[in-house]
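Single-letter residue listing:
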Amino acid sequence: MAKMRPGEKLKVDFNMNGQPIGDHRATLANYCGALVKDPLNAPLYKVEQFSQIPQENKDKMWQLVLDKFDIGLDDDQEEEERKKKYMQRRKFIMESLNKKYRNFRARLKSDYYDTEETDEDRLKEENMPNFVDKKDWEWLVKYFGSEEFQKKSQRNIKNRSCLDAGHTAGSKSFAQKAEDMYKRDKVMPGLLDVYEETHLTSDKLPVTQMASDALNEMKRLLEQRKAGEISLTDEEIYAKIKPKGKRNTRDRHTGVSPSITSLFGGFSECEKLRKEADKAMNEAAEAKKEAISANEQNKILTEKLKDVERENKVTRHFLEKFLNTIGYNLSDFNMDEDFEESNEEYDNEEDKDEEEISGNDRRLE
């Protein structure tokens, strides 16, 4: 970067979801890291998180990025497309700066705060980070020791313990990993493809036991989906196989601080996806129970119908034997005609009764 000529810019390519890929993606990430280490850009004093950094400082860092990198803002002719790309690129750069800023502070804590037992030792000149202003470090020491920060720290430690770490992507972003898979296989990989690729060793073995459990569960759900037993999307399956203890909805699986599925488009947060996946699974299970129950009812009704048919056959058999004994044949009887004649006689009797009643009424009048 220092050897670049005035006006020279490094070209950075982006994938369809606005994530950097190609030769200079790492250079862009490193440059963002260097920007937030400068207190003139990203102050430490009385700043608890990146959102509290003044907007003019963020605008300054954004412009510094544009001075060094060509991020494709002028590639489109349409004004609407340029505006959309501008917002997308700026959002990514701000997220990258945010992450680098958090990481910088986290390293200050682990390398200089956690290594000493007391604040008195932490504030000794020989134990302080020599690249941080004394006033900034004094405030950070006080902030790191506050009750509010300690609660947040413990919560983050718990969340971190739920991660199935040990992926095999190394320093390469998952967006770049997906791009490499596309170039290799000539097919754009899905979310589950990237997850499997980055959680297996070169010997095709899971990197951790937690990764092994997740991959086995993923395989089981995919087999159920193929068999038509469930209709979960890849994103819902991914949300379901992730450790349930994890409360943070951010995941390095998809690059710099995006939601878990933004590598493959805009989807809901992990917990929402997990609930939807559970709901779909429960609905599928209930539907299966109802189908089984309906099938059992059909079997019962079928057996009852067979019993009735068997009873009718027995009744007819005995009736034929009885009629044969007294000299009649069952086939000589037309039950339908007899029934109709009986009904006709009954109707005639009713008509006569009504005429009689009408005649009596007239005589009374």
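The preceding data block contains the structure.
Everything numeric in this text was worked out from a predicted model, so none of it was measured.

Student: Describe the environment of L192, and please don't skip the residues or the numbers.
Tutor: Among the secondary structure elements, L192 is positioned in helix α8 (residues 191-197). A relative accessible area of 5% places L192 in the buried class. Measuring from C-alpha to C-alpha, the distance between L192 and M218 comes to 8.1 Å, with 26 residues separating the pair along the chain. Residue contacts for L192: discarding those within four places in its chain leaves M218, L222, D234, I237 and Y238.

Student: Let's hear about the packing of helix α2 (residues 55-68) against helix α3 (residues 79-113): which residues, and what values?
Tutor: At their nearest, the axes of α2 and α3 sit 11 Å apart, and the two run at 110 degrees to each other. By the criterion of interaxial angle, the relationship of α2 to α3 is roughly perpendicular. In this structure, α2 contributes Q55, K58, D59, M61, W62 and V65 to the contact, and α3 contributes Y86, R89, R90, I93, M94 and L97. For the contact of α2 with α3, the residue count by class is seven nonpolar, one polar and four charged.

Student: Go over the packing of aromatic side chains, please, and point to the residues and values.
Tutor: Summed over the entire model, instances satisfying the criterion amount to 13 aromatic pairs. With a centroid separation of 6.3 Å and 40 degrees between ring planes, the pair formed by F104 and F131 is classed as tilted. Here the residue F104 occupies a position in helix α3, and F131 occupies one in the loop between α4 (119-122) and α5 (134-144), the gap between them amounting to 27 residues. Positioned above the aromatic ring of F14 is the side chain of R89, whose terminal nitrogen or guanidinium carbon lies 4.0 Å from the ring centre. Over the aromatic face of Y113 sits the side chain of R122, whose NZ or CZ is 3.7 Å from the ring centroid.

Student: I'd like a rundown of a nonpolar patch on the surface, residues and numbers included.
Tutor: A cluster of nonpolar residues, M16, Y182 and M188, forms a patch on the protein surface that exposes about 350 Å² of accessible area. Its place among the elements puts M188 in the loop between α7 (174-185) and α8. The class for M188 is partly exposed, based on a relative accessible area of 43%.

Student: Outline the environment of R82, supporting the account with residue identities and numerical values.
Tutor: With respect to the secondary-structure elements, R82 resides in helix α3. In this structure, the C-alpha to C-alpha distance between R82 and G72, residues ten residues apart in sequence, is 9.1 Å. Look past the residues within four positions of R82 in its chain and what remains in contact with it is L73, D76 and Q77.

About the thresholds
Residues numbered from 1 in each chain as written. Predicted model: local features only at pLDDT ≥ 70, side-chain atom pairs only at ≥ 80, totals over all residues. Heavy atoms only, no water. Helix = DSSP H or I, 4+ residues; strand = E, 2+ residues; numbered from the N terminus. Buried < 20%, exposed > 50% of the residue type's maximum accessible area, 1.4 Å probe, protein only. Contact = heavy atoms within 4.5 Å. Axes fitted to C-alpha atoms, helices over the stretch in contact; angles between N-to-C directions. Parallel < 35°, antiparallel > 145°, perpendicular 65-115°, else oblique. Nonpolar A, V, L, I, M, F, W, Y, C, P; charged D, E, K, R; others polar. Phe/Tyr/Trp six-rings, centres within 6.5 Å; stacked < 30°, edge-to-face > 60°. Lys NZ or Arg CZ within 6 Å of the ring centre and 35° of its normal. Patch = residues over 30% accessible without salt bridge, like charges linked within 9 Å, V, L, I, M, F, W, Y side chains within 5 Å. Areas by Shrake-Rupley, 256 points an atom, 1.4 Å probe, with all protein chains shown as cover. Salt bridge = Lys/Arg side-chain N within 4 Å of Asp/Glu carboxyl O.

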